[in-house]
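# Structural overview
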Amino acid sequence: MDFISATFVVFVTLLSAVYFITPQKAKWCILLLGSYIFYMASSVKLLFFLIFTTAVTFICGLILGNINEKQKVYLKEHKSELTREEKKSLKSRTSKKKRWIVAAAVFINLGLLIFLKYFNFIGGNLNSLFASMGIGGHIPHLNLLLPLGISFYTLQSIAYIVDLYRGKYQADRNFFKFSLFMSFFPQIVQGPIARYDHLAHQLYEPHKFDYQRVTQGVQLILWGFMKKLLLADRLAVAVNYVFDNPDPHEGFVLFFAAAGYGLQVYADFSGGMDVARGVAQILGIDLALNFERPYFALSIEEFWRRWHITLGGWMRDYVFYPLSLSKGFANLGKWTRKIFGNYIGKKLPTFLSMFIVFLLVGVWHGSSWKYVAYGIWNGTIIVSSILLEPFYEKFLKKCRINTECFSWRFFQMMRTFVLCSFGRFFSRGISCMTALNMMKRTVVNPNPWVFFDGSFLNLGLDYKDFYVIFIFILVLLTVGVMQEKGIRVREKIAEQNLYFRWLLYIGAVAVVLIFGHYGSGYSASEFVYQQF
């Protein structure tokens, strides 16, 4: 039951109708039932993995919750009797118990993800290593199926457990309600990665029908459909044509494919997010924002703050800060300051934490060395740009470049766009070597004549397709500029006359139906991030 399908539209319509007529106390049950029906439409067998992760997380959460409560009650009852050292000792023993529970939950849930997603990758590389060293033995290749959304709900479960350990909130004591938090159908496919304190209470609280909210939700769904069908799936034709057989192509055609893939992924992923957030909004639930116009970013670092925001936030809170603020990294900082001086030595532990984060981001995207290279590409650019920032500022001042004007910001956006696009050679290329070869041929032989000899019309798209791509990119840019200026587009639409609004809605539906990219062998359901 895919987002871009008539079945999904009917499903959401019926579920919403049943939800709003159901008694207040039972509304969350409808969401749970609907979420499990949605998941079983993908695979009944693979539902086991979701239930298993949910059960492990729930049980470990209960244990952590009980430990927190017992400590709180004991300290309250013996407040006047315990010395400061005794309180400190109690908290230390309690913290140690909690760390064991967290370690168990993370080991089981993350271990399951690593086994299903990376076993064959790790086994294949170990086999190659053994063969090169003349060591006997062979790790078999297993035919493993990856459960829908496992990369997303596993991170969600880890965040819940770690936040309980930190005492951020109390443990959920209703298994079925917690199951809804783990399986809520709009976000199970490709996120956003939810936090318990933001999403759970919204799922459990009853929501009444609200015409304006439903209208805005439908608008967001329609906008997601337009991104997916008008831009992402149309660009995918040319991108696949080049990347599946890159040898005949050179220069700007290769760069067009890489840049086009970046735009394809953005329209595809953010379009899916719009559909997910729109469906949730109809039901009265506000999902976290996952994109904030990343192609307006002035640097790679800012790009990643605007792109896949919930993954970046997860990496920041559960990897970057724990690493960079740990005793080990503090000691590393003292050691590096003695060797490299205060400026570099002080920053090296932070850089190492940041580099590890982007390495993990790359690996999270897939089980291949090209994703490792993708993470290294982004991490290297960000770390080097921060490290060289003082020299960069001196250069700009010496050259008397005005960094406040539009032309400089435009240059920064274009520079970021080019760097991001070159990184896409890794994430979309067949292998690391293929990606490096395509990069080299893009730079060494740019061949600008392809803009005039019709080469772009030999990539599976005709001039009409390019018109649609160009016009919709202009629409995206216009909407993006308005949003950057703080203009709420959907609120502006709501202020217009009824006839104009309905003309706009009908026109948007007509555009999707007429200009949406369809064809033989085509499947609009294949969202890029669904595979992760």
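These figures come from a predicted structure and were not determined experimentally.

Cut-offs used in this document
- Residues numbered from 1 in each chain as written.
- Predicted model: local features only at pLDDT ≥ 70, side-chain atom pairs only at ≥ 80, totals over all residues.
- Heavy atoms only, no water.
- Helix = DSSP H or I, 4+ residues; strand = E, 2+ residues; numbered from the N terminus.
- Buried < 20%, exposed > 50% of the residue type's maximum accessible area, 1.4 Å probe, protein only.
- Areas by Shrake-Rupley, 256 points an atom, 1.4 Å probe, with all protein chains shown as cover.
- Lys, Arg positive; Asp, Glu negative; His and termini not counted.
- Charge placed at Lys NZ, Arg CZ, Asp CG, Glu CD.
- Phe/Tyr/Trp six-rings, centres within 6.5 Å; stacked < 30°, edge-to-face > 60°.
- Lys NZ or Arg CZ within 6 Å of the ring centre and 35° of its normal.
- 1 Å grid on protein atoms, 1.4 Å probe; cavity = no way out; pocket = protein on both sides within 12 Å on 5 of 7 lines; lining within 4 Å.
- Points joined across faces, edges and corners; volume = space filled by probe spheres on them.
- Nonpolar A, V, L, I, M, F, W, Y, C, P; charged D, E, K, R; others polar.
- pLDDT = per-residue confidence, 0-100.
- Polar contact = N/O pair within 3.5 Å; in protein donor to acceptor, adjacent residues only side chain to side chain.
- Contact = heavy atoms within 4.5 Å.
- Patch = residues over 30% accessible without salt bridge, like charges linked within 9 Å, V, L, I, M, F, W, Y side chains within 5 Å.
- Salt bridge = Lys/Arg side-chain N within 4 Å of Asp/Glu carboxyl O.
- Domains from an automatic or database assignment.
- Buried area = accessible area lost by both parts, 1.4 Å probe.

## A look at the overall build of the protein
Of regular secondary structure, the protein possesses 21 helices and zero strands. When the 532 residues of the protein are sorted by exposure, 49% land in the buried category. For the protein, the accessible area works out to roughly 27,500 Å², and carbon and sulfur atoms hold 65% of it. Placing the 55 positive and 32 negative side-chain charges of the protein at their respective mean positions leaves the two points 8 Å apart.

## Focus: unusual backbone geometry
A cis amide bond links G191 to the next residue, P192, at an omega of 5 degrees. Along the chain, P192 turns up in the loop between α7 (185-188) and α8 (196-204). For R400, which is not glycine, the phi torsion reads 55 degrees and is therefore positive. Relative to the helices and strands, R400 is located in the loop between α16 (389-398) and α17 (406-428). A residue is classified by how much of its surface remains accessible, and R400, at 79% relative accessible area, is exposed.

## Focus: the packing of aromatic side chains
In total, this model carries 52 aromatic pairs according to the counting rule given. The interplanar angle of 50 degrees and the centroid separation of 5.4 Å between the aromatic rings of W314 and Y318 together place this pair among those described as tilted. Remark: Y318 and W314 occur in helix α12 (residues 309-324); sequence separation between them is four residues, near one turn of the helix. With respect to burial, W314 and Y318 carry one shared label: buried. For K98, the ring lying beneath its charged end belongs to Y165, and the centroid distance is 5.2 Å. Positioned above the aromatic ring of W364 is the side chain of K117, whose terminal nitrogen or guanidinium carbon lies 5.4 Å from the ring centre.

## Concerning the layout of surface pockets
By volume, the second largest pocket is sized at about 820 Å³. The wall of the second largest pocket is formed by 29 residues, among which V9, V218, I221, L222 and F225 lie closest to the centre. Ranked by residues supplied to the lining of the second largest pocket, first place goes to helix α9 (residues 211-244) with nine residues. Its residues assigned to classes, the lining of the second largest pocket comprises 24 nonpolar, five polar and no charged.

## Some remarks on the confidence of the model for the protein
Residue-level pLDDT values for the protein average 90, and 97% of them are 70 or greater. The secondary structure element of the protein with the lowest average pLDDT is helix α13 (residues 327-340), at 84, and the one with the highest is helix α6 (residues 175-183), at 96.

## Details of the side chain of T310
Along the chain, the position of T310 falls in helix α12. Reaching out from T310, the side chain makes a polar contact with the backbone nitrogen of I193 at a distance of 3.2 Å. Only 2.7 Å separates the side chain of T310 from the side chain of N290, close enough to count as a polar contact. Every residue in contact with T310, bar those within four places of it in the chain, is listed here: P192, I193, A288, L289 and N290.

## A closer look at a positive patch on the surface
Among the surface-exposed residues, K334, R337, K338 and K346 lie close enough to one another that they form a single positively charged patch. When residues of the positive patch are assigned to their parent elements, the largest contribution, three residues, is made by α13. With respect to the helices and strands, K334 occurs in helix α13.

## Considering the domain arrangement of the protein
Taken domain by domain, the protein holds domain 1 (6-209) and domain 2 (300-428). Taking only C-alpha atoms, the centre of domain 1 and the centre of domain 2 are 29 Å apart. At the interface, 15 residues of domain 1 touch 15 residues of domain 2. Overall, the association of domain 1 and domain 2 removes approximately 1,300 Å² of surface from exposure, summing both partners, and the carbon and sulfur fraction of that is 62%. Two residues, R195 and D317, come together in a salt bridge whose shortest N-O distance is 3.0 Å. Sorting the residues of the side of domain 1 that touches domain 2 by element identifies α4 (84-132) and α5 (150-165) as the ones contributing at least two each. Top contributing element to the side of domain 1 that touches domain 2 by residue count: α5, with seven residues.

## Some points on a nonpolar patch on the surface
The grouping of L457, Y463, Y467, F470, I471, L474, V475 and L477 at the surface amounts to a nonpolar patch, some 800 Å² of accessible area in total. Looking at where L477 falls in the secondary structure, it is placed in helix α19 (residues 463-484). In this structure L477 comes out as partly exposed when scored by relative accessible area, which is 42%.

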